[in-house]
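Residue strings, one per chain:
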Amino acid sequence: MLHDIEFFPEELRDAPPTMLSEKPTIHPSCTLRKCKVGGWTRLGANTRMSEVSFDDYSYTAGNVSIVYATVGKFCSIANSVRINPGNHPQWRVTQNHLTYRRKQYGFDTKEDEEFFQWRRDHHCTIGHDVWIGHGAVIMAGVSIGHGAVIGSGAVVTKDVGNYEVAVGVPAKVIKKRFTDEQIEKLLEIAYWDWDRETLEKRFDDLFEINAFLEKYHSK
């Protein structure tokens, strides 16, 4: 026998939608360390970020891990994405934590800061208006261009260009979202740099690419 469940818990029935604002909306279960977070952003449940810049209007759907990375504006990051997973010292006798988290294991009075700086030096850069699908992994040092799409479950080991769509393991570019001419114009317009007042005035123009380019690209 199947039971109809319209809402669970019952409090969801009358719960208003989460309204975003200039102040970041961060779920209580999130953990952030040395991060900068923009306005109109939302960090879903169990998002973990360390040394990350996370710009305006971007969001994570939850269970996301981001380390040593820059995330642009208007980015959509689906559930269970990982950006810049930890590197291990493959050149050492052991790849285990104990050689660089040596203080934690009682082998030294301080950690291996040189190793952690090596991790920082392999920074990830996510451009503006990027969509990263469910469960995708962006490997250390990779850059994703503006307007790009990363397919669900992809493992991205190489840079992805502006408005390119990359899928698979390892991820490969399969197409571009728009023509080269359209992409060039979009990059010149750079709508992501519009202030809030401008964005509100031009909001209705964000739906159709040709009309948008015709209206806002200077000839």
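Remember, predicted model here, so these are calculated numbers, not experimental data.

Trainee: Before we move on, could you go through a nonpolar patch on the surface and cite the residues and values that matter?
Mentor: A surface patch of nonpolar side chains, amounting to about 330 Å² of accessible area, comprises F203, L206 and F207. Tracing the sequence through the fold places L206 in the loop between helix 3 (196-202) and helix 4 (209-216).

Trainee: Describe the state of the cysteines, and please don't skip the residues or the numbers.
Mentor: Here the structure, examined in full by the defined rule, presents 0 disulfides. The thiol sulfur of C30 is not disulfide-bonded, and the nearest other cysteine sulfur, from C35, lies at 10 Å. For C30, a relative accessible area of 13% gives the class buried. No disulfide involves C75; its sulfur sits 13 Å from the nearest other cysteine sulfur, which is in C124.

Trainee: Tell me about helix 2 (residues 180-189), residues and numbers included.
Mentor: Buried within helix 2 we find Q182, I183, L186 and I189. Buried residues of helix 2 fall within an arc of 125° about the axis and therefore sit on the same side. Set apart from the buried face of helix 2 by more than 90 degrees, the exposed residues are D180, E181 and E188. The secondary structure elements touched by the buried residues of helix 2 are strand 17 (172-176) and helix 4. Looking one or two residues beyond helix 2, the residue adopting positive phi is A190, at roughly 50°.

The rules behind each value
- Residues numbered from 1 in each chain as written.
- Predicted model: local features only at pLDDT ≥ 70, side-chain atom pairs only at ≥ 80, totals over all residues.
- Heavy atoms only, no water.
- Patch = residues over 30% accessible without salt bridge, like charges linked within 9 Å, V, L, I, M, F, W, Y side chains within 5 Å.
- Areas by Shrake-Rupley, 256 points an atom, 1.4 Å probe, with all protein chains shown as cover.
- Salt bridge = Lys/Arg side-chain N within 4 Å of Asp/Glu carboxyl O.
- Helix = DSSP H or I, 4+ residues; strand = E, 2+ residues; numbered from the N terminus.
- Disulfide = S-S within 2.5 Å.
- Buried < 20%, exposed > 50% of the residue type's maximum accessible area, 1.4 Å probe, protein only.
- Arc of directions from axis to C-beta.
- Contact = heavy atoms within 4.5 Å.

That's the geometry; what it means functionally is another story.
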